[in-house]
Amino acid sequence: MDLRISPLSSQALNPAGQSKRPGAAGGVGGGFADNFKTALKDVSAAQNEATRLQKEVQLGNPNVSLEETMLAMQKAQIGFQATLHVRNRMVQAYTDIMNMSV
């Protein structure tokens, strides 16, 4: 079982440890937007897996443990909260930029 939380790790935001200059969207490794979309897909997959495990436990499947289900739920919750914080920071940065005088 994989216990890593990958949705918003430094690897997800900056693959292969590349150092990018500010404002360099796109490029070889993709930009922040691509990495954020990937992170959102990872969080969605974690939530779907947690939901699937919950249903299996409720149906009494002996192959799915309660511990595994709780771990998947926590992983999905942490990933969602981290993604939400990044989104809120992005919205705040956008608001700050839009309120700057030219």
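In this report, we go over the structure that sits alongside the text. The model shown is predicted, which means the values in this text are computed figures rather than measured ones.

### Some thoughts on the environment of Ala82
Position of Ala82 relative to the elements: it lies in helix H3 (residues 66-98). On a C-alpha basis, the gap between Ala82 and Ala39 in space is 10.0 Å, while along the polypeptide they are 43 residues apart.

### Things to note about a nonpolar patch on the surface
Side chains of Tyr94, Ile97, Met98 and Met100 sit close together on the surface and give an oily, nonpolar patch of about 490 Å² of accessible area. Residue placement: Met98 occurs in helix H3. According to the relative accessible area criterion, Met98 is exposed, its value standing at 52%.

### Let's talk about the packing of helix H2 (residues 32-58) against H3
Interaxial distance between H2 and H3 falls to 8 Å at its minimum, and their mutual angle equals 150°. Taken together, the axes of H2 and H3 are roughly antiparallel relative to one another. The handedness of the crossing between H2 and H3 comes out as left-handed. Where H2 abuts H3, its residues Phe32, Phe36, Leu40, Val43, Ala46, Gln47, Ala50, Leu53, Gln54 and Val57 lie against Leu66, Glu68, Thr69, Ala72, Met73, Ala76, Gly79, Phe80, Thr83, Val86, Arg87 and Met90.

### Quick word on the nonpolar core
Among the nonpolar cores identified, the biggest contains six residues, and these are Ala46, Ala50, Leu53, Val64, Ala72 and Ala76. When contributions to this core are tallied by element, the ones reaching two or more residues are H2 and H3. With three residues, the top contributor of residues to this core is H2. Not counting residues up to four positions away in its chain, the partners in contact with Val64 are Leu53, Glu56, Val57 and Thr69.

So, how was this worked out
- Residues numbered from 1 in each chain as written.
- Predicted model: local features only at pLDDT ≥ 70, side-chain atom pairs only at ≥ 80, totals over all residues.
- Heavy atoms only, no water.
- Helix = DSSP H or I, 4+ residues; strand = E, 2+ residues; numbered from the N terminus.
- Patch = residues over 30% accessible without salt bridge, like charges linked within 9 Å, V, L, I, M, F, W, Y side chains within 5 Å.
- Areas by Shrake-Rupley, 256 points an atom, 1.4 Å probe, with all protein chains shown as cover.
- Salt bridge = Lys/Arg side-chain N within 4 Å of Asp/Glu carboxyl O.
- Buried < 20%, exposed > 50% of the residue type's maximum accessible area, 1.4 Å probe, protein only.
- Axes fitted to C-alpha atoms, helices over the stretch in contact; angles between N-to-C directions.
- Parallel < 35°, antiparallel > 145°, perpendicular 65-115°, else oblique.
- Left-handed = near helix turned anticlockwise from the far one by under 90°.
- Contact = heavy atoms within 4.5 Å.
- Core = buried A, V, L, I, M, F, W, Y, C linked by side-chain atoms within 4.5 Å.

Purely geometric stuff here, so don't read any function into it on its own.
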